[in-house]
Amino acid sequence: MSRMKFYCDDYRCVDCNGCVVACKEAHEIPVGVNRRRVITINEGIEGKQKSLSVACMHCSDAPCQKVCPTDCFYIRKDGIVLHDKEKCIGCGYCLYACPFGAPQFGHEGIFGVKGVMDKCTFCAGGPDETLSETEFEHYGQNRIAEGKIPMCASMCATKALIAGDAAEVDKIYEYRTAKRGENTSLKPYGWEAYNNGK
Amino acid sequence: MESKTFWECNKAYILTALGLVLVGFVFVKYLMIMDWGYLIQFTLHAMLGDTSGVMSAPTSELQQMMNAAFGPAYNTVAPEIIRASNERQEFIWYVFFAEILIFVLLYIKNGRVNPTITKPNDTVQVFTSFQRAVIWLNIGMISVLVLTGFNITWSLRSEGGDLPRLLREFHELTGLAWIGVWLIFTIIAAKDMKGWRSNSTFRHFLPGSYKPSKRVIWFFYAVMGAGLCFSGAMIITLHPSSLTHADVIQFRRVLLYLHFGASVLIMFFILDFVYASAISVKGYLKGLWTGTYPREYLEQVAPDVLEDLKKVGRA
C-alpha cells in the first residue's frame, strides 16, 4: 500500500506563498488559520536564504493521535492522518505533541476562545460522507477522492512542493539531491524530525 | 510556657516535604521522560526573557531550519507531555484512591471532633460577609474548574462533542475569572506568615494563629494557584498561530506541564481542605456558610480564634 507524503525542496522554494494561498482558497479556511505556512531563514543573505513550506507531515506514528484525549484522530490506509471535528473539544494537546506545528485553532464565540482544531487533510476530506457539503464545510475539498493531488502541490510554480506516494517522492528527492552532489542518505526536512528521537 | 521541640513545631512541614520528595523521586526516576537538564536551562533562559527554547546557536543549516520551522528540541519536553496526558487518562484514579485512603486512615485514628454545645444562641461572628463571599466564590469556582478540568482529562470517556467542548471553554473562562479570587485568597494565606504577624490588616482578616497543618494547605493553595493562574493565562493568551508557532511552542509545552503538575498537587491540598472543613470537625462548614459559630464551639475547637476576636472587641 502506498503511503502519502509531502516533500518541500528548500533549493526550489522561493517563498511565493502560492501554496498557502491555494490551500486557503481551495478549502475556504478562515482568517487566522493556516494549514500551510512558509518559513524563510537567512532572509536577504545572498546564497544562504532558504524557504520551506510546512504543513502536517502525516506521520506514520502520529503523536497527535497518541495524545488526543477524545481519540478524534485516525490514520487512513494510505497514511493520511485525519481527524473528526465533531469529536474534537479544542483542548490543544495535539499542538503540544505535534513536531511540526500543524494543528491550528480559530477563535470562536463572543469571548474569542479557541475553537476546534483544523489542520492539513492532504486534501482528503474527513470522516463525513465523501464529497458531501458537510465534508467540505468541515474539512474543505476532497481532491484525493477526485483522483487529484493536494492543491498546494498542484499549484507550486517551481515544483518545490511535491505530494504523493512516499516511495515515489523519495525517488524525486534522491534524484534532485544527487544531481546537486549532496548526501542522499539524509532525508528531507520533517521526514525524520520526530522519528530521530525514538 | 511549655516549650516545643523543632519536630513538634514543624511536623506538618517535614511530613509534607518528605511525602512530596518520595513521590517526586519515584516519578522523576521511574516514570518521567523529561530532559531535566534542558528544562532547567530553559527555565533560566525564560526568566531572562528568552522563551524561544533555543539554548545555543544552531550549528548547521538543518538545525537552523528545524528551529525556525518547527521549534527547537522536540524530544526534550514533548514526549513527556504525551506520556503525562495518557497517564492522567488512565492512572489518576490511583492518585485519588491513595489520597482518600490517607484521609480514611486519619479519620480512623482521630475520629471526628464533636464539640459540646449547650448554648447555641451565644454566637460569635468569625467571618464577615465579604470573607464568606470570597470563600464560597472560591469553593464554587474551584469546583467548576475541577469538574471542567476532568472533562478535558477524561474526554476519552465522554468521546468529545459539543458539550465537552463547551465545558472546556468554560474551564478557560472560569480560570481567567478565578485569578482575582485566587489573589485575594493568597493575601489571606500570606496574613499568617510569621514576619507579618504584627501587621493588623493581615492579622484581622482571618483571626487565629493557624497550625502548621493548616498553613501547609494555604501555602500550597497560594503557590500552586500561582502556577495554575500563570500557566493558564499564558496558554490562553499565547493563542496558537502558524506565524509565531516556532517561537513559542516550547514555552507553551513547559507551561502546560506546569499546569498539569500544579493541578495534581493543588488537588491533594484541596481534598485536605475538604476533609478538614467538612469531615474532621462537626459544625465547621455550617459556620463557614453563616459566618457565626457558637462561643462554646470556638472555646473547644478554636480558642486562638476566639482570643484574637476578643482582642479586637468582636467577641
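Quantities reported herein were computed from a predicted structural model and do not represent experimental measurements.

The next point concerns the overall build of chain A. Each helix and strand in chain A was counted, giving six helices and eight strands. Starting at the N terminus and walking to the C terminus, you meet the elements of chain A as β-α-β-β-α-β-β-α-β-β-α-α-β-α. Here the C-alpha coordinates of chain A stretch approximately 50 × 40 × 35 Å along the principal axes. Classification of the 198 residues of chain A by burial places 59% in the buried group. Taking the intrachain contacts of chain A between residues at least 6 apart in sequence as the baseline, contacts between residues at least 24 apart amount to 53%. Counting every atom, chain A has about 8800 Å² of accessible surface; 51% of that belongs to carbon and sulfur. If you average the places of the 25 positive and of the 26 negative side-chain charges in chain A, the two averages end up 5 Å apart.

When its secondary structure is counted, chain B shows 13 helices and two strands. Along the first, second and third principal axes, the C-alpha set of chain B runs to 80 × 50 × 40 Å. Here chain B holds 315 residues, and the buried ones make up 43% of them. Nonlocal contacts in chain B, meaning residues at least 24 apart in sequence, comprise 75% of its contacts between residues at least 6 apart.

This part takes up the interface of chain A and chain B. Size of an interface, as often reported, equals the accessible area lost when the parts are brought together. Contacts between the two partners involve 46 residues from chain A and, on the opposite side, 39 residues from chain B. Together, the buried faces of chain A and chain B total about 3900 Å²; carbon and sulfur atoms form 62% of this surface. In terms of surface lost to chain B, no three residues of chain A exceed Ile89, Tyr96 and Tyr189 of chain A, which account for 21% of the buried area on that side. Along the contact surface separating chain A from chain B lie two salt bridges. Residue Lys50 of chain A is joined to Glu61 of chain B by a salt bridge in which the shortest nitrogen-to-oxygen separation is 2.3 Å. At the surface where chain A touches chain B, the tally comes to 21 residue pairs in polar contact (both at pLDDT 80 or more). Going through the elements one at a time, β2 (37-41), β3 (50-54), α2 (63-67), α3 (93-97), β6 (104-108) and β7 (113-118) of chain A are the ones with two or more residues in the side of chain A that touches chain B. The element contributing the most residues to the side of chain A that touches chain B is β6 of chain A, with five residues. Looking at the side of chain A that touches chain B residue by residue, the classes come out as 24 nonpolar, 12 polar and 10 charged.

On to the state of the cysteines. Each disulfide is one covalent bond, formed between the sulfur atoms of two cysteines. All names here are of chain A. Overall, the coordinates contain zero disulfides over all chains when judged by the stated rule. With no disulfide partner, Cys8 has as its closest neighbouring cysteine sulfur the one in Cys13, 4.6 Å distant. The structure places no disulfide on Cys152, whose sulfur is separated from the nearest cysteine sulfur, that of Cys123, by 6.0 Å. Since its relative accessible area comes to 6%, Cys152 is described here as buried.

To continue, consider the environment of Thr51 of chain B. By the secondary structure assignment, Thr51 of chain B is in the loop between α2 (36-47) and α3 (61-70). Classification of Thr51 of chain B by relative accessible area gives partly exposed; the value is 23%.

What follows is about helix α4 (residues 74-110) of chain B. Phe91 of chain B marks where α4 of chain B bends most, by close to 60°. Gly111 of chain B sits one or two positions beyond α4 of chain B and adopts a positive phi of about 65°.

Considering the arrangement of structural elements, one finds Asp170 of chain A in helix α6 (residues 166-179). Overall, Asp170 of chain A belongs to the buried group, its relative accessible area being 15%.

Further remarks concern the packing of aromatic side chains. Applying the stated criterion across every chain, the model contains 23 aromatic pairs over all chains. Judged by centre distance (5.9 Å) and plane angle (25°), the ring pair of Phe103 of chain B and Phe268 of chain B falls under stacked. Within this pair, whereas Phe103 of chain B is found in helix α4, its partner Phe268 of chain B is found in helix α10 (residues 245-279), the two being separated by 165 residues in sequence. Among the residues examined, Phe268 of chain B registers a relative accessible area of 21% and is labelled partly exposed. Their ring planes at 85° and their centres at 5.8 Å tell us that Phe219 of chain B and Phe220 of chain B sit as a pair that is edge-to-face. Here a set of aromatic residues connected by ring pairs shows up, and it is made of Phe103, Phe219, Phe220, Phe268, Phe269 and Tyr275 of chain B. A cation sits over an aromatic face here: Arg36 of chain A above Phe6 of chain A, 4.5 Å from the ring centre. Its guanidinium or amino end placed over the ring of Phe260 of chain B, Arg88 of chain B lies 4.2 Å from that ring's centre, counting from NZ or CZ.

On to the nonpolar core. Counting 53 residues, the largest nonpolar core has Phe6, Leu52, Phe73, Ile80, Phe122 and Leu161 of chain A as its most contacted members. Sequence-distant contacts of Phe73 of chain A, defined by excluding residues within four places in its chain, comprise Cys64, Gln65, Cys68, Val81, Leu82, His83, Cys94, Met117 and Lys119 of chain A.

Here we take up the environment of Gln104 of chain A. Position of Gln104 of chain A relative to the elements: it lies in strand β6. You can call Gln104 of chain A buried: its relative accessible area is 3%. Once the C-alpha coordinates of Gln104 of chain A and Lys119 of chain A are considered, the two residues, 15 residues apart in sequence, prove to be 5.8 Å apart. Residue contacts for Gln104 of chain A: discarding those within four places in its chain leaves Gly32, Val33, Asn34, Arg35, Val116, Met117 and Asp118 of chain A together with Ser242 of chain B. Of the polar contacts made by the side chain of Gln104 of chain A, one reaches the backbone nitrogen of Asn34 of chain A; its length is 3.2 Å.

All names here are of chain B. Nonpolar side chains collect at one region of the surface, where Phe97, Ile100, Leu101, Val104, Leu105 and Ile108 lie side by side and expose about 610 Å² of accessible area between them. Relative to the assigned elements, Leu101 resides in helix α4. Given a relative accessible area of 41%, Leu101 falls into the partly exposed group.

Quick look at the pattern of salt bridges now. Residues and elements named next belong to chain A. Under the counting rule described, the total for this entry stands at 19 salt bridges over all chains. Close ionic contact of Asp9 with Arg12 constitutes a salt bridge, the shortest N to O distance being 3.9 Å. The network of salt bridges with common partners includes Asp9, Arg12, Arg176, Arg180 and Glu182.

Residues and elements named next belong to chain A. For β3, the buried fraction is high: five of the five residues fall into the buried class. Residues Lys50, Leu52 and Val54 line one face of β3 and the alternating positions Ser51 and Ser53 line the opposite face, and both faces are buried. Across five bridges, the pairing between β2 and β3 is antiparallel. Considered in β3, the bridge of Val38 is made with Ser53.

Calculation rules
Residues numbered from 1 in each chain as written. Chains lettered and ligands numbered in written order. Predicted model: local features only at pLDDT ≥ 70, side-chain atom pairs only at ≥ 80, totals over all residues. Heavy atoms only, no water. Helix = DSSP H or I, 4+ residues; strand = E, 2+ residues; numbered from the N terminus. Buried < 20%, exposed > 50% of the residue type's maximum accessible area, 1.4 Å probe, protein only. Contact = heavy atoms within 4.5 Å. Areas by Shrake-Rupley, 256 points an atom, 1.4 Å probe, with all protein chains shown as cover. Lys, Arg positive; Asp, Glu negative; His and termini not counted. Charge placed at Lys NZ, Arg CZ, Asp CG, Glu CD. Buried area = accessible area lost by both parts, 1.4 Å probe. Salt bridge = Lys/Arg side-chain N within 4 Å of Asp/Glu carboxyl O. Polar contact = N/O pair within 3.5 Å; in protein donor to acceptor, adjacent residues only side chain to side chain. Nonpolar A, V, L, I, M, F, W, Y, C, P; charged D, E, K, R; others polar. Disulfide = S-S within 2.5 Å. Bend = angle between axes of the 7 residues up to and from the residue. Phe/Tyr/Trp six-rings, centres within 6.5 Å; stacked < 30°, edge-to-face > 60°. Lys NZ or Arg CZ within 6 Å of the ring centre and 35° of its normal. Core = buried A, V, L, I, M, F, W, Y, C linked by side-chain atoms within 4.5 Å. Patch = residues over 30% accessible without salt bridge, like charges linked within 9 Å, V, L, I, M, F, W, Y side chains within 5 Å. Pairing = 2+ DSSP bridges.

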